[in-house]
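Working through the structure, step by step
Each chain, letter by letter, is given below.
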Amino acid sequence: MMTMSDRYRQAAALSPDRIRTLMRNRRIDPVWTGTGDSFWYKRRGRDGEQFVLVDPEIPSRTVASSAAELGIDDTGGSSEPEILRGPDERGLIRRNNDLWLVDANGETQLTFDGEPDFSWGTIPSDNNMVVPFRRRGLKLPPMGTVHSPSGRRVITMRPDERHISIKYMTENVAPSERARPEVHSWRVQLEDEGPPPESECRIIDLDTGGWVRVDAADGLVSQLSTNGSTEVTWSSDETRLYMLHHHQGQSRASLVEVDTRTGERRDALVIENEPLYEPNQFLYNLPLVRVLPEHSEAVIFSQHDGWGHLYLYDLNTGLEKNRVSEGHLVVRDILHLDSKRREITFVAGTSEDGGNPYWRRVYRAGLDGGTQRLLTPEPADHELVAPAPQFFNLAFGHGKTSERSISPSGRFFVDHQSTVSDPPVILLRDANDGGRVVLELERTDIGPLLEAGYVVPQSFCVKADDGVTDLWGILSMPNEPLDPAHIPVIEDVYGGYQTTHSPHAFIGASMMAGRHVYLPAYNALGFAAVMLDGRGTPGRERAFRQWTFRRSHTEAGLEDHVTAIATLAAGDPRLDLDRVGIIGHSYGGYNAARMLLMFPDFYRAAVSSAGVHVAKKLPYGMWDWHIGGDTDRVSDRYTHLGNIHLVDRLSGDLLIACGEIDENATVDHSYALADALIRAGKRFDFKIWPGVGHYDRSPYASMVYWDHFVRSLLGQRPPVDYVPIGP
């Protein structure tokens, strides 16, 4: 019989950092050499790191113990990260709030009117990463700045933050070890302060220094600093460029054509998708837009038929020509567009074959429609890395070039094939030959993971409370429950509208299913663990996806979680519905508290980590997807987005936690909820983590969360002899 101390130690052995080391070759990141479609990658051999060079044409796979043996350069990264290099190798750099050209002749100033808080090529201050970037000493290149194909021109922007108020955070134990706390500050326009000033935009001729102004007062360039070069398409003669114009929460989108010589603009096409247009259901992925200026065509995502398809439009008439993708599917990423072959390769999900609709599959289709082919027919998830927003590479990739799984020609791609219960088989496939497997590159070794006590979860599908709609998720059961006949349940939850939460690939997949790595610890402690996605989340038909639009102030979408867990318990009576807990971080912390308050007869305990509990405390526009941009900010639809009005309903055990320097879900949200609970006379626990930001979770914090559920759901005292490793 395991003691509670044994359980804590096994939980620690299955912590997120340890899990990644307990698998060999969970994933590979191909580095394309620039010579044909050859690439190399790193792998973990039994005796250490190895390098693998792959030539798909032969095909061949050569393994060596060093990069030098293969004649490849593995240094990576840029030696001058603050310089934005163009196709002609001339660069741009920011100095004293202005842009400067860097070439063989030295440096030449391009703009002369930059000023503090109104600087050219700078990133907006409310990017949630001010402190982490400062801590890293990250040198940023000009942001929101994109070169033309020849390198002669750039489009650039500057956010106007001169009249935006400053927000402050205090780090009470300063890293400098000085007595005085360190104060962090940045500018941000909050919800109750009205819309922020719009950015200014110019197109600059680097040969002459001349420039034209582009009218961006309507938010045309609002995503330029986030998405980077993928946001702009230039014509081959560089006289025109194209950008998607869309405000979150609205039904209208347009593809804007800009004359680079005059700055004049026109709507080349307009899409109306009532009640809500989305350029991609997955908000952390790039907009699904590709423009072919020389053909006067564009491929654009739309849900106007109830699914998420790609459509071909005529830029001369603005009219739809045909649908490119086919069937009951939702396109998630565009991997490659070949304008000569008039073919597009993309990632989508479907349940037409009776499979999991969240499994990623790779397709190729002709732009003129009617020729769609499935390239990954195996019943599994097929994880590929598509180009990511530029800001994500800075925030999470430390400035590295965006990885991608498809070769430069678009012919070959690296496919990580797995399910939640089957570890990855990593394959090289030929898209020109129907997805034929060219080489098996790796099979993930999970032996050490299983030896450490990892419980392989099972995928489930249950009905929502309408009795019709499918809800998908995972359930993992403990190997050694305290009482095999009555097993308490912990649900890990998210807010969900930006991305799916429940994993559908093997543990350790893409970061957006990242919280899967916390479930093994709950199993080790004796809990069953659940993750699922209710209505209002992406990856499904439009009716499912937009179920909560303009209803997020209600229980819509959240009741699906209660229904799903109750259904699971009906099928497995070992699950104890009298002891259900819930935990989440960020939007998940918001929903963990919200669901404990909304469903007090179902959830008994909750950990709300870094929750956003007061609608007006978020940056302006952050709720527009939920309620539309035209919602009255004093209406119940708006104010009831927060959790403060629900505090009288607290009857379970609530732990509120937040890092003191979290600039994403700032600590004042947690203080506001705590204050409201105190005023209501409610008992709760409250933790502030010193020196912790949004993306950090220490072993100590994990221990505190375990303690909370062990007391509340197991009725046990946490072990006093367990000490976490790390602060």
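This report concerns the structure included in the present document. (Residues numbered from 1 in each chain as written. Predicted model: local features only at pLDDT ≥ 70, side-chain atom pairs only at ≥ 80, totals over all residues. Heavy atoms only, no water.)

1. Topic: the overall build of the protein chain
Within the protein chain, the regular secondary structure consists of 15 helices and 38 strands. Projected onto the principal axes, the alpha-carbon positions of the protein chain cover approximately 75 × 60 × 55 Å. Counting only residues that meet the buried cut, the protein chain has 59% of its 727 residues in that class. Counted over contacts in the protein chain with a minimum sequence separation of 6, partners at least 24 positions apart contribute 61%. When the accessible surface of the protein chain is totalled, it reaches about 29,000 Å², and 48% of it is carbon and sulfur. The average position of the 76 basic charges and that of the 101 acidic charges among the side chains of the protein chain differ by 2 Å. (Helix = DSSP H or I, 4+ residues; strand = E, 2+ residues; numbered from the N terminus. Buried < 20%, exposed > 50% of the residue type's maximum accessible area, 1.4 Å probe, protein only. Contact = heavy atoms within 4.5 Å. Areas by Shrake-Rupley, 256 points an atom, 1.4 Å probe, with all protein chains shown as cover. Lys, Arg positive; Asp, Glu negative; His and termini not counted. Charge placed at Lys NZ, Arg CZ, Asp CG, Glu CD.)

2. Some thoughts on the packing of aromatic side chains
Counting across every chain of the model gives 21 aromatic pairs. Between Phe602 and Tyr603, the aromatic rings sit 5.0 Å apart at their centres with planes inclined by 80°, giving edge-to-face as the arrangement. The pair formed by Phe602 and Tyr603 is uniform in burial state, with each residue classed as buried. Taken together, a centroid distance of 6.2 Å and an interplanar angle of 80° make the contact between Trp689 and Tyr700 edge-to-face. Of this pair, Trp689 sits in strand S38 (residues 685-689) while Tyr700 sits in helix H15 (residues 699-714), placing them eleven residues apart in sequence. The class for Trp689 is buried, based on a relative accessible area of 12%. In this structure, Arg202 packs its charged tip against the face of Trp211, placed 3.8 Å from the ring centre. Sitting over the face of the ring of Trp547, Arg535 holds its NZ or CZ atom 4.2 Å from the ring centroid. (Phe/Tyr/Trp six-rings, centres within 6.5 Å; stacked < 30°, edge-to-face > 60°. Lys NZ or Arg CZ within 6 Å of the ring centre and 35° of its normal.)

3. What to know about the pairing of strand S22 (residues 320-323)
Where strand S21 (residues 309-314) and S22 come together, three bridges link them in antiparallel fashion. Counted as the bridge partner of Leu312 is Asn322 from S22. (Pairing = 2+ DSSP bridges.)

4. Structural notes on the sheet that holds strand S24 (residues 343-350)
Strand order in the open sheet formed by four strands is S23-S24-S25-S26, and the pairing between neighbours is antiparallel. Each edge of the sheet is formed by a strand with only one pairing partner; in this case those strands are strand S23 (329-338) and strand S26 (373-374).

5. Remarks on the pattern of salt bridges
Evaluation of the coordinates by the stated rule reveals 58 salt bridges. Notably, a salt bridge pairs Asp305 with Arg323, separated by 2.8 Å at the nearest N-O pair. Taken as a pair, Asp305 in the loop between strand S20 (297-302) and S21 and Arg323 in strand S22 lie far apart in primary sequence, 18 residues in all. The residue Arg579 makes a salt bridge to Asp576 at a minimum N-O spacing of 2.8 Å. Take Arg579: its relative accessible area is 16%, and that puts it in the buried class. Judged by relative accessible area, Asp576 falls into the buried class, the value being 13%. (Salt bridge = Lys/Arg side-chain N within 4 Å of Asp/Glu carboxyl O.)

6. Notes on a nonpolar patch on the surface
On the surface, Ile166, Tyr168 and Val183 cluster together into a nonpolar patch covering about 300 Å² of accessible area. Inspection of the secondary structure puts Val183 in strand S12 (residues 182-187). (Patch = residues over 30% accessible without salt bridge, like charges linked within 9 Å, V, L, I, M, F, W, Y side chains within 5 Å.)

7. Considerations on helix H10 (residues 559-571)
Taking 1.5 Å per residue as the helical rise, H10 with its 13 residues ought to reach 18 Å, and the 19 Å between its terminal C-alpha atoms agrees with that figure. When we look at burial in H10, the residues that qualify are Glu559, Asp560, His561, Val562, Thr563, Ala564, Ile565, Leu568 and Ala569. Tucked into the core, H10 has its buried residues touching strand S31 (458-463), strand S32 (470-476), strand S33 (487-493), strand S34 (528-533), strand S35 (575-585) and helix H11 (587-598). (Expected span 1.5 Å × (residues − 1).)

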